[in-house]
Amino acid sequence: MSVQKNKSRMGFIIILPSLILIGIFVYYFIFWTIRTSFSNWNSFSSLLRGVYKYVGFRNYERIFMDPRFQTDLWNTLFFTLFFILGSVGLGLFLANLIDKGIKGSRFFQNLFLFPMAISFVVTGTVWSWIFAPGNFPNDPQGLNLLFKKLGLEKLQWMWYTSSESIGHFNLALIAVIIAAVWQMSGYIMAMYLAGLKAIPEEILEAARVDGANERYIFWKIKMPLLKPITLSAMIVLGHVSLKIFDLIYAMTGSGPNNVTDVPAIYMFELTFRSNKYAMGSAISVIMLLMVAVIIIPYLYSSLRRGVSS
Amino acid sequence: MKRFVFGLIAILLVVSSVFAASNDLEIFSWWTGGGEEEGLLALFAKFNQYYPNINIINAAVAGGAGTNAKAVLKTRMLGGNPPDSFQVHAGMELTDTYVIPGLMEPLTNYLKEWGVYDKFPKDVMKIVSYQGEVYSIPVNVHRGNVVFYNKKIFKKLGLTKEPTTWAEFFAAMKKAQEAGYIPLALGDKNKWTLTHLFENIMLSMFGPEDYKGLFDGKVSFNSPEMELSLVLLERLIPYFNRDHSALTWQDAGRLVFEGKALFNVMGDWEEGYFKTLGWKPGEDFGWFAVPGTSDAFMFISDTFGLPKNAPHRENALKWLKFIATKEAQDIFNPIKGSIPARIDADKSKYDVYLTWSMNDFATVAVVPSIIHGSAAPEGFVTSLNDTLNRFLVKKNISNALRDIMWAAEDQGYLTE
């Protein structure tokens, strides 16, 4: 018993430094951001004076009334939706192709995984060149130039500089979503590939002996077994997309009429360009809550699973 | 115990020697590339000729227009760790952020003591002052209200006279459009270039006196000229290149350089950019003041100030005295491609464009730029950027006017 106690005390001492650091640099700063978001620190001098004046939810009210922030929320919603669908769909498709063991699958596996090793800033810059519309039809650039060379002028489009929208979905986001899916689908593929490799061959054999076709095996046997992976993939992609900043900042900026703007960019501009620290903090807190909404149920379920096993 | 004492003495010796040797001068700026850095280093070299014992620490932070540097500086000032002197745009960018909270030392008496107070134009001294005290010393001046044009296209279109009114400007743009050229190049991916264009339109509509009055509380934002400015901006939209929101100001300048576009409204750092591309001022490209603003000089200036509690205050004062001299200004500006803030500089050192700019600077009204931090606080600038960014797509004048009024009200400007 006392050995056990000693052991746990030792463990506690070992994790104490990181506990303190995380306590200060994560949780204390979260607390401080929340505190700031309820203050009147909307200029450099008020922040500097450091006199805390509680203003209730006024910063939040102003943020939610702001047409730019409303656009940001819609953009985040559609970006997250199509980014997750695209990455999971493409990742699953590629994983299945490679799992079938087509010729050179090892090569393709690495090829598809490679974009993940690149930073979002690089991806954004390169795709901003690809989708740069140029002054088409006379003087197109990037993809539009390719279309011209192929005689497909009809496909030329404004891409991420388009201010068209369907309902609240800004079509300019399509270009950004393609770039993001290009970057992350390889990673999702790797996750699924690991999952597929972990499915025991016997189960699949048994199904085949029972006369199940490949489609049935995929949807009724593989997919249910891959469910935890799909969930993890959605969590990973979800928190990337809710916090996205670098890809969009490098690729398009806010875009005309904020068609590709997201909360993180607005937060950055409010805080570090306009000195409106309290309003910037309010956006940070809203972003934290959005991420928490998808992370906490996941943590809860995985924690419960850990306890029951 | 003995060991401890020796150790203590050793530490004390090291510490004291560090202090004795620290005859430093830390200069903070965002001049890290091209002519800017070269100019700064030339200044340092000259400074060290006069003060060979001062060790200059070049605390430059990279990033266009100082966006990164400004954030770093704010953090340092907040943390009570100011540099000895730092680069800042003249006017509200310094006043609103650092002077009003009481972080800067006034320099008026020093300027008078050094005998340079009256060497700068009065309008300039007014821009760098708050409640009658000067807080920073301008080193260089750029002009914002300039249209640059491709001379070859200009000739080809049969144009002979540089437009001075908007009517002539529109006529020239129409000709360019009919001939298949982009009439007016714009690259507003980073938003500020649109506001840069708009403040020049405002200047032409309000005129220099009333434009200044907007920020002195003498003229209301709620004036018909404000609406006229938006109307004019809307009339310009069909003449932009259609991919303007994918481009930066350099990309827009390149459209003129590559013979695709006729005009571009930009600050005169574009002149330096064209020169690095190999163009000759006056031969390959021409320039004129934005229509209706030839009686004004949209003033953009980098200045240096003295923060309170500067660690090496004496050296900082030496630095400030140095950069206020004619000699220092004539070293720095020809390299950077700007003009000196002093009116008695040596004109023979500057090219044909800069001489034109110097002549105007000495004679016409100097007005502060909004987008480049002189006229209004950063919060107002961001709101204006946002409003115009929406306006370009929505073209809704009443909404844009309302948003501008809100932003002006936030800053306590006249809106009645």
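The structure presented is a predicted model; accordingly, all values stated were derived computationally and were not measured.

**Observations regarding the overall build of chain B**
A tally of regular secondary structure across chain B gives 17 helices and 13 strands. For 416 residues, the compact-globule formula gives about 22 Å, and the C-alpha radius of gyration of chain B, at 23 Å, lands near that figure. With the C-alpha coordinates of chain B rotated into their principal frame, the extents come out at 90 × 50 × 40 Å. Within the span of chain B, comprising 416 residues, buried residues form 58% of the whole. Of the contacts formed within chain B by residues at least 6 apart in sequence, a portion of 77% connects residues at least 24 apart. Entry remark: accessible area of chain B is about 16700 Å², with carbon and sulfur atoms responsible for 54%. Here chain B contributes 41 positive and 47 negative side-chain charges, whose respective centroids are spaced 4 Å apart.

**Some points on the overall build of chain A**
Of the regular secondary structure elements, chain A holds 14 helices and four strands. Overall, chain A is about 80 × 75 × 30 Å in size when its C-alpha atoms are taken along their principal axes. Put simply, chain A has 309 residues, and 44% of those count as buried. Contacts spanning at least 24 positions in sequence make up 66% of the contacts within chain A whose residues lie at least 6 apart. With an accessible surface of roughly 16900 Å², chain A has 70% of that area assigned to carbon and sulfur atoms. Computed over 26 positive and 15 negative side-chain charges, the inter-centroid distance for chain A is 10 Å.

**A look at the domain arrangement of chain B**
Residues and elements named next belong to chain B. Domain boundaries in chain B define domain 1 (18-142 + 301-368) and domain 2 (146-298 + 369-410). Using only C-alpha atoms to locate each centre, domain 1 and domain 2 end up separated by 28 Å. Between domain 1 and domain 2, the contact holds 29 residues from the first and 29 residues from the second. Summed over both sides, the interface between domain 1 and domain 2 buries roughly 2400 Å², with carbon and sulfur atoms accounting for 58% of that surface. Counting the surface domain 1 buries against domain 2, the share from its top three residues, Tyr 353, Val 367 and Pro 368, is 30%. In this assembly, domain 1 and domain 2 are joined by four salt bridges. Here Asp 123 makes a salt bridge to Lys 212, at a shortest N to O gap of 3.5 Å. Summed over the shared surface of domain 1 and domain 2, the result is 13 residue pairs in polar contact (both at pLDDT 80 or more). Mapped onto the side of domain 1 that touches domain 2, the elements with two or more residues apiece are helix H3 (67-78), helix H4 (92-99), helix H6 (122-127), strand E6 (136-143), helix H15 (352-363) and strand E13 (365-368).

Cut-offs used in this document
Residues numbered from 1 in each chain as written. Chains lettered and ligands numbered in written order. Predicted model: local features only at pLDDT ≥ 70, side-chain atom pairs only at ≥ 80, totals over all residues. Heavy atoms only, no water. Helix = DSSP H or I, 4+ residues; strand = E, 2+ residues; numbered from the N terminus. Rg over C-alpha atoms; globule rule 2.2 N^0.38 Å. Buried < 20%, exposed > 50% of the residue type's maximum accessible area, 1.4 Å probe, protein only. Contact = heavy atoms within 4.5 Å. Areas by Shrake-Rupley, 256 points an atom, 1.4 Å probe, with all protein chains shown as cover. Lys, Arg positive; Asp, Glu negative; His and termini not counted. Charge placed at Lys NZ, Arg CZ, Asp CG, Glu CD. Domains from an automatic or database assignment. Buried area = accessible area lost by both parts, 1.4 Å probe. Salt bridge = Lys/Arg side-chain N within 4 Å of Asp/Glu carboxyl O. Polar contact = N/O pair within 3.5 Å; in protein donor to acceptor, adjacent residues only side chain to side chain.

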